[in-house]
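# Understanding the architecture of this molecule
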Amino acid sequence: MFEHFLWLPFLLAITALTLSPGVDTLLVMRNAARGGTRDGMLTSLGICLGLFLHALISAAGLSVILLSSAELFMLLKLAGAGYLIWLGCQSLLAARRGQGMVLHHPKTHQQIPAMRSLREGLLSNVLNPKTVIFYMAFLPQFIDPAHPAIPQATVMAGIHFMLAMLWQGTLVLMIGRARLWLQNPRVSQIMNGITGTLLLGFGTKLAVSE
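Everything in this summary refers to the structure shown in the same document. (Residues numbered from 1 in each chain as written. Predicted model: local features only at pLDDT ≥ 70, side-chain atom pairs only at ≥ 80, totals over all residues. Heavy atoms only, no water.)

## Observations regarding helix 5 (residues 114–126)
- In this model helix 5 runs 18 Å from its N-terminal to its C-terminal C-alpha over 13 residues, within 8% of the 18 Å that 1.5 Å per residue would give.
- Along helix 5, the positions that sit buried rather than exposed are S117, L118, E120, G121, S124 and N125. All buried residues of helix 5 fall inside an arc of 160 degrees around its axis, so they share one side. (Helix = DSSP H or I, 4+ residues; strand = E, 2+ residues; numbered from the N terminus. Expected span 1.5 Å × (residues − 1). Buried < 20%, exposed > 50% of the residue type's maximum accessible area, 1.4 Å probe, protein only. Arc of directions from axis to C-beta.)

Below, the structure is given as C-alpha cells:
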C-alpha cells in the first residue's frame, strides 16, 4: 500500500503545518498555564484526535461536498469563528477579574475536568476550516487509488497525530518550567489579555474571510 509513498514531501508538509503558529498552539499554551501539564496535554490530545476525523472526512469525499456548498462552508466558518471568539472572551474576562494563567504547586493545582480540556481541544480542531481545507486538498495527493482510501488516510493522520503531540507536548513542558514567572498576577493578567485578544482576532478574521 505504501510502496511508492512520497514520505519526504508528506513529512515536510505535515511538519510545517504542525509548527506554524495558530489557534491550536494558543489554546494548548493557554490551558497549560491555566491548569498545568495535565490540562495542556489533554487539550493537545483533543486537538490531535480531531485530525483523524478530518482524515476520514477527506478520504470519504465529504470535504469535497462541503467545499462545493458555499452555505455549508459558511456555517462551518461561523461555528468555528464563534467558538474562537467565545474562548477569547473567556480569557479577557479572566484577565479583568485577575484570574490569570497561573500554574500552582501540584498539590494545590486547580483541577480542570478532563472532559473540558479534551472538548476544548477537539472543538478547536474540528471547527477549524484551515484543517478541513488542508486535508481535503493535500491528503488525496498521497492516497493510492488502487487501495482503500480510509486505511491510508488513517495512517497519515496517525503520523500527523504523533508529530503534533510531540510539538504541543514540548510547549506544555516549556510552560511548566515557567511556573514561577506565570505565578506573578500581573504577568498572568497580561498573558490572558494577549491570548484573549489573539483568539478574538483569529475568530473575527475567520468570520469575515471569504
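So much for the structure itself; the text now carries on.
## With respect to the pattern of salt bridges
- As enumerated under the stated definition, the model contains 4 salt bridges in all.
- Among the salt bridges present, the one from E120 reaches R30, with a minimum N-O distance of 3.4 Å. With E120 in helix 5 and R30 in helix 2 (residues 23–60), this residue pair connects regions lying 90 residues apart in the sequence.
- E120 gets classed as buried once you look at its relative accessible area, which sits at 4%.
- Note that R34 is salt-bridged to D39, the shortest N-O span being 2.9 Å. (Salt bridge = Lys/Arg side-chain N within 4 Å of Asp/Glu carboxyl O.)

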